[in-house]
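The chain contents come next:
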Protein chains: 2
Amino acid sequence: MKKEILDLLKTQFESEELLLGEYGIEREGLRVDAEGRLALTPHPKVFGPKLGNPYITTDFSESQVEVVTPTYTSMSKTHRVLTDLCDIVNNQIGEEYFWPQSMPCDIPEDDQIPIAQYGSSCQKAIDAEEYRKGLSARYGSKKQLISGIHVNFSFTEEFIQKFHRIYGKGESYKDYRDRMYLKMVRNFLRYRWLVIYLTGTSSTMHETYIAECVAKMHPTGDGSYIHPTCVSFRNSDCGYKNEEPLYPSYESIQAYTEDVRRFVARGDISAPKELYTQIRMKAEGVDNILESLENDGIKYLEIRTVDLNPFELTGLAMVDLDFIHSLMLYTLLKEESNYMDWQQEGLDNEEGVAVEGLNTEILLTRDGQPIQLKDWALEILDELCEMSEILNLNYGETLLTMIARVKDPKQTYAYRIRELTKEKGFIQANLDLAKKHKEISWNRRYATQAFTEYELSTQILIKECLNRGVQVTEIDPSDNFLILESRGVKHYVKQANKTALDNYITVLAMENKVVTKIILKEHGIPVPDGIQIDAPDQSKHWAQVFAGRPIVVKPKSTNYGWGISILDQGGSVEDIQKAIGIAFEYDDTVLIEEFLIGQEYRFLVIDDELVAVLKRVAANVVGDGQSTIRDLVALKNQDPRRGVGYQKPLKKIVFDEQTLLYLKLQGLTPESIPEQGVQIFLRGNSNISTGGDSIDVTDTMPQKYKDLAVQAARAVGAVFCGVDIMIEDVAKENSSYGIIELNFNPSTDMHAYPYQGQERPIAAYTLKALGLIDDIGLTEEDA
Amino acid sequence: MKKEILDLLKTQFESEELLLGEYGIEREGLRVDAEGRLALTPHPKVFGPKLGNPYITTDFSESQVEVVTPTYTSMSKTHRVLTDLCDIVNNQIGEEYFWPQSMPCDIPEDDQIPIAQYGSSCQKAIDAEEYRKGLSARYGSKKQLISGIHVNFSFTEEFIQKFHRIYGKGESYKDYRDRMYLKMVRNFLRYRWLVIYLTGTSSTMHETYIAECVAKMHPTGDGSYIHPTCVSFRNSDCGYKNEEPLYPSYESIQAYTEDVRRFVARGDISAPKELYTQIRMKAEGVDNILESLENDGIKYLEIRTVDLNPFELTGLAMVDLDFIHSLMLYTLLKEESNYMDWQQEGLDNEEGVAVEGLNTEILLTRDGQPIQLKDWALEILDELCEMSEILNLNYGETLLTMIARVKDPKQTYAYRIRELTKEKGFIQANLDLAKKHKEISWNRRYATQAFTEYELSTQILIKECLNRGVQVTEIDPSDNFLILESRGVKHYVKQANKTALDNYITVLAMENKVVTKIILKEHGIPVPDGIQIDAPDQSKHWAQVFAGRPIVVKPKSTNYGWGISILDQGGSVEDIQKAIGIAFEYDDTVLIEEFLIGQEYRFLVIDDELVAVLKRVAANVVGDGQSTIRDLVALKNQDPRRGVGYQKPLKKIVFDEQTLLYLKLQGLTPESIPEQGVQIFLRGNSNISTGGDSIDVTDTMPQKYKDLAVQAARAVGAVFCGVDIMIEDVAKENSSYGIIELNFNPSTDMHAYPYQGQERPIAAYTLKALGLIDDIGLTEEDA
């Protein structure tokens with residue numbers, strides 16, 4: 001690569017401009033049972049219709065899940081969304097596992113492999129099934145089960161426009177862009193062998209795969225087969241390839257489309273999309289790809305070389321993705337040789353590396369001349385390092401990792417998976433990895449990896465959208481603002497449940513305790529009796545009126561418990577005056593209400609439906625007769641659901657002044673050792689935010705209180721409504737009760753991921769209320 | 001009155017309990033033309049259907065407006081609402097005047113007096129007209145034109161319940177309450193002469209009144225007639241009375257209803273409501289009054305003795321209302337004599353005082369014994385003073401005023417109006433007062449007297465409701481929260497335009513400038529280009545990008561202009577970094593937008609309709625060649641529309657540091673004398689809140705910008721929307737323009753009462769959007 005070009009580019013482009021692009025990833029993978037056999041169950045219903053979910057669908061087989069990220073301008077974001085999608089698959093496939101290998105698991109014969117079912121609801125569905133039947137007939141179903149990674153890559157249009165402005169020399173923008181991408185395609189085909197060497201992982205297989213392929217391998221027992229030098233069977237002639245090599249021209253779009261039409265015409269392939277190349281040129285149009293390429297030009301490139309990496313939950317390590325990115329820039333900048341037979345040479349090198357890459361002596365050919373893999377690889381990686389350094393791309397670490405893989409083949413994935421297969425057998429080795437991935441996904445099921453700048457409730461909603469195939473557009477992360485779209489319905493959503501479903505005055509009425517009470521009373525719903533004080537000089541009068549009665553004194557409009565005094569045993573005139581004074585610090589109006597005795601419950605109502613009831617219990621530990629309170633707290637805090645800040649559904653218990661005081665009042669210190677089974681409370685308040693436990697009691701709550709909560713939400717006209725009900729004793733037939741407060745932006749994560757009890761699919765209820773999905777259907781809990 | 005009773009009551013009741021009640025006032029009044037002739041125009045259309053407006057309707061004649069306050073627990077609030085209603089009438093009757101006298105103006109003969117028209121849309125309307133025709137036939141239309149004040153009085157139910165608990169002795173609550181009110185009625189009838197003496201004002205009349213009545217008076221020229229001793233012709237036999245005195249029993253409800261039924265049966269009156277007593281017992285039911293009295297008991301008392309006070313805009317002075325209140329308490333507490341002929345005596349005393357009250361020698365009879373008016377009056381007033389003192393009622397001042405009227409008849413209204421009539425003539429004296437009242441009402445047309453704890457925009461809305469007959473329920477004044485109801489439609493409204501019409505997410509989208517821009521752009525609406533900065537460490541990069549370009553730097557989510565820097569000439573990297581730093585003090589996200597040149601206009605859209613466009617001009621004065629800037633400001637500040645705080649549509653210009661600096665930069669001081677016609681600006685910013693001028697430009701604004709504003713509101717789905725559009729030059733065909741901001745809670749009072757230009761009936765548009773009225777119809781401006 002010419003250094004002067006890099007030096008020139010450096011003056012013209014910020015590294016940011018070179019790094020931004022449009023990136024998307026597709027990952028296929030088989031569903032398998034606990035013994036590593038292909039799952040013969042249908043695609044999980046929760047993912048909705050296969051043609052309707054843009055994120056999670058099937059590929060060839062009903063048992064072959066395909067996850068598809070949207071495109072993002074950062075590779076890292078794309079990869080994190082891929083992680084979220086794979087987490088969702090892991091959590092939604094019940095007792096099954098997401099097979100981590102490109103080469104299939106323990107599979108039945110061709111006719112037993114279920115082809116993806118689309119129903120027969122529309123022509124598209126019928127076509128999809130017909131196409132798969134054709135593939136099965138032509139290539140056999142087994143081969144179709146090979147899974148892989150596709151990386152979709154493009155520069156931003158702004159970048160290409162700038163390139164065009166500087167270097168375009170009068171050529172039209174579309175032609176210039178096509179020429180850029182065509183050069184990249186040609187160079188990628190020249191250097192694809194390096195991608196295979198560095199990322200290949202399909203060096204082993206199972207005896208149930210196609211017999212002729214198995215025959216090329218060596219058995220190691222347990223039905224496992226390995227090969228001494230193989231890197232990627234998927235990229236060998238045993239992989240997913242056309243029957244005969246096809247070399248369409250990449251000199252121009254016109255030449256390319258002519259060739260592909262010819263291949264179809266003479267029956268080499270049934271359709272343009274059956275041309276299985278290592279890299280594809282993609283256009284705006286999907287169904288009429290050739291015409292769209294001609295008319296609109298190349299929109300992005302699809303890199304199809306990469307095997308599933310079984311060591312990675314996503315099937316693709318970030319470091320490999322970064323390498324691919326650096327290589328794509330290289331394909332743009334690297335000058336081309338004028339060697340004529342470069343396509344044949346590219347295929348030879350590809351298949352050579354695929355089968356013999358771990359042979360340290362392997363020779364490839366470059367422009368017709370033999371060259372050692374290692375020498376050529378290091379030469380390319382050196383150039384990449386120089387490029388990264390000059391253009392300030394920060395790929396040094398990544399490239400060092402790749403150089404190490406070249407210098408020491410034992411560091412390749414292919415070598416590592418072969419050794420693991422020798423040790424555990426093909427099925428067990430991959431199944432163990434799948435189980436590990438599944439456990440990781442489960443433990444972090446409440447959050448996302450890609451949307452951590454959002455509040456937890458919004459993350460949960462986004463995750464549900466990815467799960468259900470509802471399209472998410474992020475419009476202002478700092479404000480938790482999204483657009484959700486599905487089936488022609490479009491909603492703006494803020495903070496997970498602020499939507500167009502609620503009207504403005506309902507929210508304002510709920511924000512105002514006085515107005516809320518007026519409305520509830522009007523609807524015959526029991527609320528605590530009380531009065532309102534508008535001026536501090538009325539304090540004494542009302543203090544006299546309420547002296548000795550159990551009351552709550554609170555400011556009119558705060559929501560976080562600030563300024564509230566609970567005088568549940570009744571207070572003196574002075575006590576009450578003091579409480580009124582405190583409340584006046586928070587609002588111009590102060591309320592005195594009768595104190596309702598009992599336990600407070602949070603009822604969550606969404607769209608006229610009671611979806612969850614929660615009891616909140618103050619931070620506590622239960623003794624084991626041996627551990628100190630401090631140790632018990634530490635143990636409880638190890639729960640991955642507990643954290644600090646707004647990213648976890650439960651909070652860590654901390655020893656602050658209030659905790660210590662609260663323990664002291666019980667004659668305890670953090671070093672006290674509670675007896676077996678004795679529950680010790682560490683605080684008086686039951687807020688989740690101070691380490692309290694959330695306990696789902698939806699199923700045991702008597703119906704009449706659930707009805708009351710729905711009735712209260714209806715009274716104010718709220719679609720999303722948290723209803724706080726104080727109940728003397730739920731078990732008592734004629735228990736007293738009353739509504740303490742309504743909340744227009746109720747916390748949802750505490751219901752979705754409670755400390756104890758059933759996890760409730762709140763986000764699904766939200767999507768249903770918004771008309772974005774039809775039913776709650778299967779959920780993580782049910783699955 | 002027995003002192004021991006007062007002493008006992010003092011220990012049992014707080015003065016507040018004795019003063020709270022349910023008070024309502026009705027005031028009738030004729031519409032007259034500029035010459036004091038009865039207006040023959042129809043009842044103003046703006047008040048809506050007569051049967052549909054509970055506040056402003058007609059009485060007997062089409063030309064006789066009747067205003068009716070809702071009931072309030074405080075006399076003072078009721079009186080202030082009466083003021084607002086009278087202000088509305090004054091402002092809505094165009095060139096006509098609201099006749100301030102009980103005795104009619106210059107009226108035509110009976111058959112020329114228009115009876116109130118109700119249309120024939122329903123049975124109720126037909127009945128109302130039929131009833132009036134019957135009255136006209138029986139009493140003549142002239143008598144029906146006499147107008148007066150009715151005061152509706154009741155204790156609160158809580159008060160009566162407490163009385164009943166203490167003194168009830170096993171009697172049912174309903175019976176006890178009836179007995180309380182019956183005693184009050186009897187006592188009121190005994191003491192009503194005192195009310196007539198103290199408040200009577202109908203001591204003069206016009207020659208066009210009924211001939212037999214005029215014949216009893218002395219002419220003073222100009223068609224005016226006076227009488228040497230008369231206090232209240234309205235309460236004499238020339239007033240609005242039954243043909244023969246009727247004395248129903250007030251011993252029990254049963255006895256009363258039997259008597260009234262007998263009067264109807266024998267044809268003395270056509271219906272129970274035709275029994276014109278000085279005080280009426282009112283029940284829950286209106287149409288079936290006697291049955292309702294029997295079944296539900298007495299709900300309140302209607303005091304009908306009081307003449308219109310022409311010296312008062314409302315027709316009723318607060319001091320007289322206070323006196324009536326004290327007298328009502330007196331009627332409850334004062335022991336009764338057992339004199340049998342008390343009803344006849346009450347009538348004799350009434351008519352005696354009515355016609356001869358100003359005769360200082362007049363003798364009344366008490367329990368059959370003669371007594372001088374003055375002696376008896378002072379005795380009663382003394383007892384009232386004692387009552388007020390012991391029970392801490394704070395009526396001392398009021399009672400002193402009344403004592404003065406007794407001691408010196410020249411201080412009575414009757415005397416004063418007689419003297420004024422002698423001086424100016426009957427028509428002119430009253431017309432001058434009416435004109436004065438009308439001017440006062442006009443000058444304070446933008447605000448209310450009764451709802452001053454609300455923001456001005458809410459006051460304007462309440463006033464429009466009173467105008468249109470939309471029922472207003474105040475549910476939280478400190479939060480500007482109302483319920484508005486009309487024709488079966490009910491709306492909660494906060495701060496004048498936060499309603500159920502707007503959905504929550506629309507408001508949140510408008511609150512967020514980034515989201516607003518995304519939505520507007522999506523709809524093809526021009527917005528300034530710009531970028532968003534999420535972290536201060538990006539400041540330098542963006543400062544470099546925007547250096548030298550005209551830009552605005554602003555925090556993402558504030559609304560009051562805080563933290564905004566306008567670099568309209570372009571800034572250096574350092575300038576921009578500094579501006580970004582300032583903006584980051586207000587929000588976590590900062591926007592940089594291209595600066596649009598031109599003038600900013602505020603477009604107000606309500607429910608898809610462009611209702612007003614405003615230009616805001618910075619605080620300024622225009623020189624006269626003689627006055628200093630300080631004097632010109634003082635003069636401009638005299639505009640009654642200018643004030644401080646949130647009660648006026650314009651703000652006073654103040655000389656603060658910024659003003660002085662701004663003048664200094666122009667080489668001026670407050671003592672400079674600008675030349676004739678030269679406009680001097682006192683500030684750089686054009687906010688109304690800092691003394692800026694609001695100028696309505698709705699009629700001259702080109703349609704395309706109005707359409708754009710409506711389109712923008714529609715894009716975000718807003719029903720109430722303030723749209724700020726920057727326009728390079730409205731006069732230019734291809735002027736550049738762009739939308740700067742949308743406001744979900746747009747200020748409305750600046751459009752309703754601009755400094756210059758047409759006043760826009762914003763509140764009426766709001767009520768129409770809410771479905772509470774049918775059309776904007778006539779407005780203050782049109783009228």
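Every value quoted in this text rests on a predicted model; they were computed, and no experiment measured them.

The next point concerns the overall build of chain A. When helices and strands are tallied, chain A shows 26 helices and 28 strands. Seen through its C-alpha atoms, chain A measures out along the principal axes to roughly 100 × 65 × 55 Å. Within the span of chain A, comprising 783 residues, buried residues form 59% of the whole. Accessible surface, chain A as shown: approximately 31,100 Å² in total, 49% of it carbon and sulfur. Charge centroids of chain A, computed over 84 positive and 120 negative side chains, lie 1 Å from each other.

Right, let's talk about the sheet that holds strand 19 (residues 590-594) of chain A for a bit. Residue and element names in this part refer to chain A. Here four strands make up an open sheet; going across it, the order is 16-19-17-18 and the pairing antiparallel. One side of each edge strand has no neighbouring strand; the edge strands of this open sheet are strand 16 (530-533) and strand 18 (565-567). Averaged over neighbouring strand pairs, the angle between their axes works out to 15 degrees when direction is ignored. Across four bridges, strand 16 lies against strand 19 in antiparallel orientation. By the bridge assignment for strand 19, Gln-532 is matched with Leu-591. Here helix 19 (residues 513-522) sits on the sheet and contacts strand 16, strand 17 (551-555) and strand 19; the angle it forms with strand 19, its principal contact strand, is near 40 degrees.

This paragraph deals with the pattern of salt bridges. Pairing between side chains of opposite charge can happen when their charged atoms approach one another. Throughout the structure, instances matching the rule amount to 112 salt bridges over all chains. Salt-bridge contacts for A:Arg468 lead to A:Glu464; the nearest nitrogen and oxygen are separated by 2.8 Å. One end of the pair, A:Arg468, and the other, A:Glu464, are both in helix 17 (residues 456-468), four residues apart, so they sit about a helical turn from each other. Residue classification places A:Glu464 among the buried residues on the basis of a relative accessible area of 14%. Residues B:Asp696 and B:Arg760 are paired through a salt bridge, measuring 2.9 Å at the closest nitrogen-oxygen approach.

For the rest of this paragraph, the subject is the nonpolar core. Of all hydrophobic cores here, the largest spans 136 residues; its most connected members are B:Phe155, B:Phe323, B:Met387 and B:Leu484. Top element by residues in this core is helix 7 (residues 173-199) of chain B. It accounts for 15 residues. Excluding anything up to four places from it in sequence, B:Leu484 contacts B:Leu461, B:Cys465, B:Val470, B:Gln471, B:Val472, B:Val489, B:Lys490, B:His491, B:Val493, B:Leu767, B:Leu770 and B:Leu772. Of all hydrophobic cores here, the second largest spans 135 residues; its members include A:Leu9, A:Leu358, A:Leu482 and A:Ile776.

Summing up the model confidence of chain A, the mean pLDDT is 92 and the portion of residues at 70 or higher is 99%. Note on residues 779-783 of chain A: pLDDT under 50 across the span, and 14 contacts to partners over four residues away in sequence or across chains.

With that out of the way, let us pick up the packing of helix 15 (residues 413-424) of chain B against helix 16 (residues 426-443) of chain B. Residues and elements named next belong to chain B. Their axes nearest at 7 Å, the elements helix 15 and helix 16 cross at an angle of 110 degrees. Relative to helix 16, the element helix 15 lies roughly perpendicular. Considering the relative orientation of helix 15 and helix 16, their crossing is right-handed. Residues Ile-417, Leu-420, Thr-421 and Lys-424 of helix 15 lie in contact with helix 16, whose contacting residues are Phe-426, Gln-428, Ala-429, Asn-430, Asp-432 and Leu-433. Split by residue class, the contact of helix 15 with helix 16 holds five nonpolar, three polar and two charged.

All names here are of chain A. The buried fraction of helix 26 (residues 762-769) is high, at seven of eight residues. Regarding helix 26, the residues found buried are Ile-762, Ala-763, Ala-764, Tyr-765, Thr-766, Leu-767 and Ala-769. Gly-771 lies just past helix 26 and shows a positive phi near 75 degrees.

So, on to the state of the cysteines. In protein structure, a disulfide is the covalent linkage between the sulfur atoms of two cysteines. Residues and elements named next belong to chain A. Scanning all chains against the criterion turns up two disulfides over all chains. Covalent S-S linkage joins Cys-213 and Cys-238, the inter-sulfur distance amounting to 2.3 Å. With the S-S dihedral at roughly -105 degrees, the linkage between Cys-213 and Cys-238 falls on the left-handed side. Residue Cys-213 is located in helix 8 (residues 211-214), and its partner Cys-238 is located in the loop between strand 8 (224-226) and helix 9 (253-265); the two are separated by 25 residues in the primary sequence. Pair check on accessibility: Cys-213 and Cys-238 agree, each one buried. Free of any disulfide, Cys-230 has its nearest neighbouring cysteine sulfur in Cys-238, separated by 8.9 Å.

Of the transformation placing chain B onto chain A, the axial shift is 0.0 Å and the rotation is 180 degrees, giving an RMSD of 0.1 Å. Read as a symmetry element, the transformation amounts to a two-fold axis. Most of the interface of chain B is mirrored in chain A: 100% of its interface residues are interface residues there too.

If you look at the interface, chain B gives 34 residues, while chain A gives 34 residues. When the buried surface of chain B facing chain A is broken down by residue, B:Tyr492, B:Tyr504 and B:Ile505 rank first, second and third, together holding 26% of it. The interface formed by chain B and chain A contains four salt bridges. B:Glu522 is the salt-bridge partner of A:Lys490, the closest N and O atoms lying 3.0 Å from each other. Our count for the chain B to chain A interface comes out at 18 residue pairs in polar contact (both at pLDDT 80 or more). Mapped by element, the contributors of at least two residues to the side of chain B that touches chain A are strand 13 (471-476), strand 14 (481-486), strand 15 (489-494), helix 18 (504-511) and helix 19 (513-522) of chain B. For the side of chain B that touches chain A, a count of residues per class yields 16 nonpolar, seven polar and eleven charged.

We now examine the sheet that holds strand 20 (residues 599-606) of chain B. All names here are of chain B. The antiparallel open sheet is built from five strands, whose spatial order is 26-21-20-27-28. Sheet topology places strand 26 (693-696) and strand 28 (737-743) at the edges, where each strand pairs with a single neighbour. Recorded for the sheet is a direction-independent mean angle of 30 degrees between the axes of neighbouring strands. With six bridges joining them, strand 20 and strand 21 (residues 609-617) adopt antiparallel strand pairing. Along strand 21, the bridge assignment pairs Val-605 with Leu-610.

All names here are of chain A. If you walk through the whole model with that rule in mind, you get 42 aromatic pairs over all chains. On the basis of an interplanar angle of 55 degrees and a centroid distance of 6.4 Å, the ring pair of Phe-451 and Tyr-454 is categorised as tilted. Since its relative accessible area comes to 1%, Tyr-454 is described here as buried. Grouping aromatic residues by their ring pairs yields a cluster made of Phe-13, Tyr-23, Phe-153, Phe-155, Phe-159, Phe-163, Tyr-167 and Tyr-181.

Our focus in this paragraph is unusual backbone geometry. Unlike most non-glycine residues, A:Asn480 shows phi in positive territory, near 55 degrees. Secondary-structure assignment places A:Asn480 in the loop between strand 13 (471-476) and strand 14 (481-486). Within the chain, B:Asn394 stands out as a residue other than glycine whose phi angle is a positive 65 degrees. One can find B:Asn394 in the loop between helix 13 (373-390) and helix 14 (396-407).

All names here are of chain A. Orientation of helix 7 (residues 173-199) relative to helix 12 (residues 342-356), taken along the N-to-C sense of each, is 10 degrees, at an axis distance of 8 Å. When the axis of helix 7 is compared with that of helix 12, the two are roughly parallel. Contacts between helix 7 and helix 12 involve Arg-186, Leu-189, Arg-190, Arg-192, Trp-193, Ile-196 and Tyr-197 on the former and, on the latter, Trp-342, Gly-346, Leu-347, Asn-349, Glu-350, Val-353 and Ala-354.

Residue and element names in this part refer to chain B. Positionally, Asp-639 belongs in the loop between helix 22 (629-637) and strand 23 (642-643). On the basis of relative accessibility, which here comes to 17%, the residue Asp-639 falls in the buried class. Remark: the alpha-carbon pair of Asp-639 and Phe-13, spanning 626 residues in sequence, is separated by 47 Å. Reaching out from Asp-639, the side chain makes a polar contact with the side chain of Arg-641 at a distance of 2.7 Å.

Calculation notes
- Along each chain, numbering runs from 1 in the same order as the chain's sequence is written.
- Working convention: letters from A go to chains and numbers from 1 go to ligands, in the order in which they are written.
- It should be noted that, the model being predicted, local features are given only for residues of pLDDT at least 70 and side-chain atom pairs only at 80 or more, the latter also being counted only at that level, while totals for whole chains, interfaces and linings use all residues.
- Excluding hydrogens and water, the side-chain figures rest on all heavy atoms present in the structure.
- A helix here means a DSSP run of H or I that spans at least four residues, while a strand means a run of E at least two residues long, and both kinds are numbered starting from the N terminus.
- Burial classes: relative accessible area under 20% of the type maximum marks a residue as buried, over 50% as exposed, and values in between as partly exposed (1.4 Å probe, protein chains only).
- The accessible surface values rely on the Shrake-Rupley method and a 1.4 Å probe; as for residues, cover is taken only from the protein chains in view.
- Asp and Glu count as negative and Lys and Arg as positive, but His and the ends of the chain are not part of the count.
- One atom stands in for each charge, and that atom is NZ of Lys, CZ of Arg, CG of Asp or CD of Glu.
- Only strands joined by at least two bridges in the DSSP assignment are considered to pair.
- Helix axes use the C-alpha atoms of the stretch in contact, all axes being lines fitted to C-alpha atoms, and the angles between their N-to-C directions lie in the range 0 to 180 degrees.
- Should any heavy atoms of two residues lie within 4.5 Å, those residues are considered in contact.
- Each salt bridge in this description consists of a side-chain nitrogen of Lys or Arg and a carboxyl oxygen of Asp or Glu lying within 4 Å of one another.
- We define a nonpolar core as any set of buried Ala, Val, Leu, Ile, Met, Phe, Trp, Tyr and Cys residues linked to one another through side-chain atoms lying within 4.5 Å.
- pLDDT is a residue-level measure of predictor confidence that goes from 0 to 100.
- Here the word oblique covers every angle except those under 35 degrees (roughly parallel), over 145 (roughly antiparallel) and from 65 to 115 (roughly perpendicular).
- For a crossing to be left-handed, the near helix must be turned anticlockwise from the far one by less than a right angle; the clockwise case is right-handed.
- Gly is put with the polar residues, along with every residue not named as nonpolar or charged; the nonpolar set is Ala, Val, Leu, Ile, Met, Phe, Trp, Tyr, Cys and Pro, and the charged set is Asp, Glu, Lys and Arg.
- Two cysteine sulfurs form what is called a disulfide whenever their separation falls within 2.5 Å.
- For the least-squares superposition of copies, only C-alpha atoms count, and only for residues with pLDDT at least 70 in both.
- Note on definitions: buried area is the accessible-area loss of two parts on being combined, 1.4 Å probe, summed for both.
- Here a polar contact is taken to be a pair of N or O atoms separated by no more than 3.5 Å, where protein atoms must pair a possible hydrogen donor with a possible acceptor and residues adjacent in sequence count only if both atoms sit in side chains.
- Classification of ring pairs uses Phe, Tyr and Trp, with its six-membered ring standing for Trp, and accepts pairs whose centres are within 6.5 Å; under 30 degrees between planes counts as stacked, over 60 as edge-to-face, and the remaining range as tilted.

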